[in-house]
Amino acid sequence: MLDTLFLEGENHRHVSEVYRYYTEPFSVKPSPEHADSLWRAGAFAPGRWHKALSLGFLHQRVWERIAVANTSPQRSRYVWSIYNFTDSATLYIRTAGEQRFSQVTASSWQPADQRPFPARSLSFPFTLEAGQRAVLYLRVDHRAGALYLPTYIETTEQFLASEVQAPFERHWIWLLGFYVSSALFNLVLFAFLRDRIHIWYVLYVLCITLFLLMEDGFDALVLPAVLYQLIWSVGQFNLLLLAAACGVQIMQSYLRLRTGWPRLYRLGNWLAAGSAGFVLAYSLLFPWAVKTSATLATVLNGAREVLLLTLAIYSWGTLIAVLLSRRQQLAAYYALTYFFFFVGFMLFWLNHLGLTNFNLIRPNALAWGLVLELIVLSALLTGRFRHTLRQNEKLRIRQLRQRNAQGTRLIAAQEEERAQLARELHDALGPNLAALHMAWQGPAMREALASSPAATAVAHHTELLLRHLRDDVRTFSHSILPVEPGQGTLTESVAVLAELHNAYGTPKVTPYCDAGVNELPAAVQQAAYRITAELLNNAIRHSRATEVSVQLLRHPQELEILVEDNGRGFEQNHPAAGIGLRGVRARADYLHGQLHIDSASHGTSIIVRLPC
């Protein structure tokens, strides 16, 4: 391998051809002079050819050394960049002829605009004169595990140009648009169905999108400082763990594990809840562990990897269990969805664990696996949405039929009760009042009352009261009798009702019925009679009117009931005025009709329209 990287305007040679690396515990005090002595002693090792430095699950400080030479005929400024998050990093540079190292320190905890060189990657600028040589040591301190350090050295101009093109070359413009539109689409589905699977989907996409933005460093550019530091306090791989927990909830809902496999369902809930609890504990304990206990930090990172693996095993185990059951089709569809994400995730995860070291597509296999997964999953959830709509429609129809049946039985029971009450009034109370009236008019009673003028006056008033009470009972019993076949048409029943009320003299009731009303369905005729009787009774009792008009008008699609009086009117919102009208409104609503009231000081007009 070469021992010097000859810097040009555009560096085509990968730094892996020349760099060497060394690791040491965090407990060792960092010193570039000490690192340089270790280099001279042969302690530094070469990295993989044309591969990023991937050390896997390692909790140690990393030193990278590169000797560089400026081949440009003029003074040039270069940038050494790290394209992954690091807690802190320092570039030490010593040019030819110098004895000591100069340094530039930066941390990925700072948003891009607060770094020494503002960019999405953690970048360290240095300047070389024409033909000048230098030795560079890059010290990386990162304690979150999974040490994967893609780096590159290039001129400032070339670096800035590549940064401008990065969102396009790495396909982030349309990838981010696809992720956001997919999440918004599921918010719309949730608004229609109130199905929590769509909320889990949105959370899943949010966690994965943040994870991928953090992987490529775009979060440092687009997120506010507070939010940027907050998500890194949670941790990049912890967001992947949360996404996996959300994925378990999506799978459970889609496969209907709660009803078919309750034990698997409970196990999945425990794993998802345990993952969320672990992320919370990690966020609280890890900063303290970094300062006090390297062992605890290693344990926390190891537990995170174990949880990720456990969720993956649970997901595949559940899919296989469902595939072997009667719900094979659901599991087969979802297995295709999970396969795309799983392949991308495994390639990505193995790279970060240091077990593999290849990345064939940009930005990475996980991002493209997520795209394919979301396409298939969106199609599945759309199908689920349509199926749910059909099921809800069937349920609504069944509920409407049940409600109609219950309403029919209730009205039938009410009509029977009314008929019984009317017969009791007519056949029992009516004759008794008539007999009492006749006894009061008998010779013995008249002879006894004739002895005193005062008794004669009382007798006269009592006789009028008995006659009025007898007429009231007769009118009331007839007004509550239902309209039944063989007992007269609707027109005749309304006419008899008006005749009974006209027996009192005032108000004068004028009925009118179109000829077609007698051909309406029995349920409509019955409701029309009840509504007419109630409205007429209200007008006579409360309006103090002298004239009341009752009209039943047959239209092509509806029956219109119009009751008008010239009385004093009423306030529609007054509680006492709405008791009788509630029954009218209930009957109209049952038949999907409409009620309109127009009341003023000069009279009241009430219109009820019933579809027929």
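Up top is the structure.
In this report, the structure presented in the accompanying data block is examined.

How each quantity is defined
- Residues numbered from 1 in each chain as written.
- Predicted model: local features only at pLDDT ≥ 70, side-chain atom pairs only at ≥ 80, totals over all residues.
- Heavy atoms only, no water.
- Pairing = 2+ DSSP bridges.
- Helix = DSSP H or I, 4+ residues; strand = E, 2+ residues; numbered from the N terminus.
- Axes fitted to C-alpha atoms, helices over the stretch in contact; angles between N-to-C directions.
- Buried < 20%, exposed > 50% of the residue type's maximum accessible area, 1.4 Å probe, protein only.
- Contact = heavy atoms within 4.5 Å.
- 1 Å grid on protein atoms, 1.4 Å probe; cavity = no way out; pocket = protein on both sides within 12 Å on 5 of 7 lines; lining within 4 Å.
- Points joined across faces, edges and corners; volume = space filled by probe spheres on them.
- Nonpolar A, V, L, I, M, F, W, Y, C, P; charged D, E, K, R; others polar.
- Patch = residues over 30% accessible without salt bridge, like charges linked within 9 Å, V, L, I, M, F, W, Y side chains within 5 Å.
- Areas by Shrake-Rupley, 256 points an atom, 1.4 Å probe, with all protein chains shown as cover.
- Salt bridge = Lys/Arg side-chain N within 4 Å of Asp/Glu carboxyl O.
- Parallel < 35°, antiparallel > 145°, perpendicular 65-115°, else oblique.
- Left-handed = near helix turned anticlockwise from the far one by under 90°.

## Observations regarding the sheet that holds strand 12 (residues 151–155)
Part 1 of the reasoning: Read from one edge of the open sheet, three strands run 9-6-12, paired in antiparallel fashion. Both edges of this open sheet fall to strand 9 (122–128) and strand 12, since each of them pairs with a single strand only. Neighbour to neighbour, the strand axes of the sheet diverge by 20° on average, direction disregarded.
Part 2 of the reasoning: Relative to strand 12, strand 6 (residues 76–82) runs antiparallel, the two sharing five bridges. Looking across to strand 12, one finds that Ser81 is bridged to Tyr152.

## Quick look at the side chain of Glu24
Part 1 of the reasoning: Positionally, Glu24 belongs in strand 2 (residues 20–24).
Part 2 of the reasoning: For Glu24, a relative accessible area of 4% corresponds to the buried category.
Part 3 of the reasoning: Aside from chain neighbours lying at most four places away, what touches Glu24 is Pro30, His34, Gln60, Arg61 and Trp63.

## Focus on the sheet that holds strand 16 (residues 594–600)
Part 1 of the reasoning: Overall, mixed pairing links the five strands, which are arranged 13-14-15-17-16 in an open sheet. Whereas interior strands pair on both sides, the edge strands pair on one side only; in this sheet they are strand 13 (508–513) and strand 16. When the angles between neighbouring strand axes are averaged without regard to direction, this sheet yields 10°.
Part 2 of the reasoning: Pairing of strand 16 with strand 17 (residues 603–611), which is carried by seven bridges, proceeds in the antiparallel orientation. Its bridge partner being in strand 17, Ala600 is matched across the sheet by Gly603.

## Overview of empty space enclosed by the protein
Part 1 of the reasoning: Tallied over the entire structure, the rule returns two cavities of 30 Å³ or more.
Part 2 of the reasoning: Of the pockets and cavities examined, the largest cavity occupies roughly 180 Å³.
Part 3 of the reasoning: Taken together, 19 residues form the lining of the largest cavity, with Ala243, Ala244, Ser315, Tyr338 and Phe341 sitting closest to its centre.
Part 4 of the reasoning: Those elements that provide at least two residues to the lining of the largest cavity are helix 7 (236–255), helix 10 (294–323), helix 11 (328–353) and helix 12 (365–440).
Part 5 of the reasoning: Looking at which element gives the most residues to the lining of the largest cavity, the answer is helix 7, with seven residues.
Part 6 of the reasoning: Split by residue class, the lining of the largest cavity holds 16 nonpolar, two polar and one charged.
Part 7 of the reasoning: When contributions to the lining of the second largest cavity are tallied by element, the ones reaching two or more residues are helix 4 (196–216), helix 5 (219–222) and helix 6 (225–234).
Part 8 of the reasoning: For the lining of the second largest cavity, the leading source of residues is helix 4, giving three residues.
Part 9 of the reasoning: When grouped by side-chain class, the residues that make up the lining of the second largest cavity number eight nonpolar, four polar and five charged.

## Examining a nonpolar patch on the surface
Part 1 of the reasoning: A cluster of nonpolar side chains, Leu176, Val180, Leu184 and Leu187, forms an exposed patch at the surface whose accessible area comes to about 310 Å².
Part 2 of the reasoning: In this structure, Leu187 sits in helix 3 (residues 172–193).

## What to know about the packing of helix 4 against helix 7
Part 1 of the reasoning: Relative to each other, helix 4 and helix 7 sit at 155°, their axes nearing to 8 Å. Classified by the angle between their axes, helix 4 and helix 7 sit roughly antiparallel to one another. Helix-helix and strand crossings are classified by hand; for helix 4 and helix 7 the assignment is left-handed. Seen from helix 4, the contacting residues are Ile197, Trp200, Tyr201, Leu203, Tyr204, Cys207, Ile208, Leu210, Phe211, Met214 and Glu215; seen from helix 7, they are Gln236, Phe237, Leu239, Leu240, Leu242, Ala243, Cys246, Gly247, Gln249, Ile250, Ser253 and Tyr254.
Part 2 of the reasoning: Of the residues contributing to the contact of helix 4 with helix 7, the split by class is 18 nonpolar, four polar and one charged.

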